[in-house]
Amino acid sequence: VLPRPVDCAFLERGLGSLAKIEVEPDRAIVCVVGTGLARGGPFRAAVLAALAELDPETVVLGASPASLAAVLPQARLEEAVRGLHRRFFEEGTES
């Protein structure tokens, strides 16, 4: 996710030899970070299931085993963050 405006030519010059560059406007990244993710098991499964409910365009494991991220439409970001917070903090999903 990059700030606007995106200089596609600049990105293509810098990264074009490594990857195909595509610009998708109005996207957001929501990240879930915590030591429970690094342990794997039921907690990681619960986080992946919660992210799947958001119908993300992609889900990635972070550079750290304690993080996951999902790309979704910008318009759904607030709904996503509130839903994740409710599920893991207010409803008390176990880590």
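All values reported here derive from a predicted model rather than from experimental measurement. (Residues numbered from 1 in each chain as written. Predicted model: local features only at pLDDT ≥ 70, side-chain atom pairs only at ≥ 80, totals over all residues. Heavy atoms only, no water.)

Caption draft 1: Geometry of the overall build of the chain. Per the secondary structure count, the chain includes four helices and three strands. Reading the chain from its N end, one meets helices and strands in the order α-β-α-α-β-β-α. A globule of 95 residues ought to have a C-alpha radius of gyration of about 12 Å, yet the chain, at 16 Å, is considerably larger. C-alpha extents for the chain along the principal axes are approximately 45 × 25 × 15 Å. Per-residue burial for the chain yields a buried fraction of 24% across its 95 residues. Considering only residue pairs separated by 6 or more positions, the chain has 59% of its internal contacts joining residues 24 or more positions apart. If you average the places of the 10 positive and of the 13 negative side-chain charges in the chain, the two averages end up 3 Å apart. (Helix = DSSP H or I, 4+ residues; strand = E, 2+ residues; numbered from the N terminus. Rg over C-alpha atoms; globule rule 2.2 N^0.38 Å. Buried < 20%, exposed > 50% of the residue type's maximum accessible area, 1.4 Å probe, protein only. Contact = heavy atoms within 4.5 Å. Lys, Arg positive; Asp, Glu negative; His and termini not counted. Charge placed at Lys NZ, Arg CZ, Asp CG, Glu CD.)

Caption draft 2: Quick look at the pattern of salt bridges. Enumeration over the complete set of coordinates arrives at six salt bridges. The partner of E22 in a salt bridge is K20, and the shortest N-O contact between them spans 3.2 Å. Neither E22 nor K20 differs from the other in exposure class; each is exposed. Across the pair R27 and E57 runs a salt bridge, and its minimum N-O distance is 2.7 Å. You can see R27 sitting in strand β1 (residues 27-33) and its partner E57 sitting in the loop between α3 (41-53) and β2 (58-61), a full 30 residues away along the chain. Among the residues examined, E57 registers a relative accessible area of 45% and is labelled partly exposed. (Salt bridge = Lys/Arg side-chain N within 4 Å of Asp/Glu carboxyl O.)

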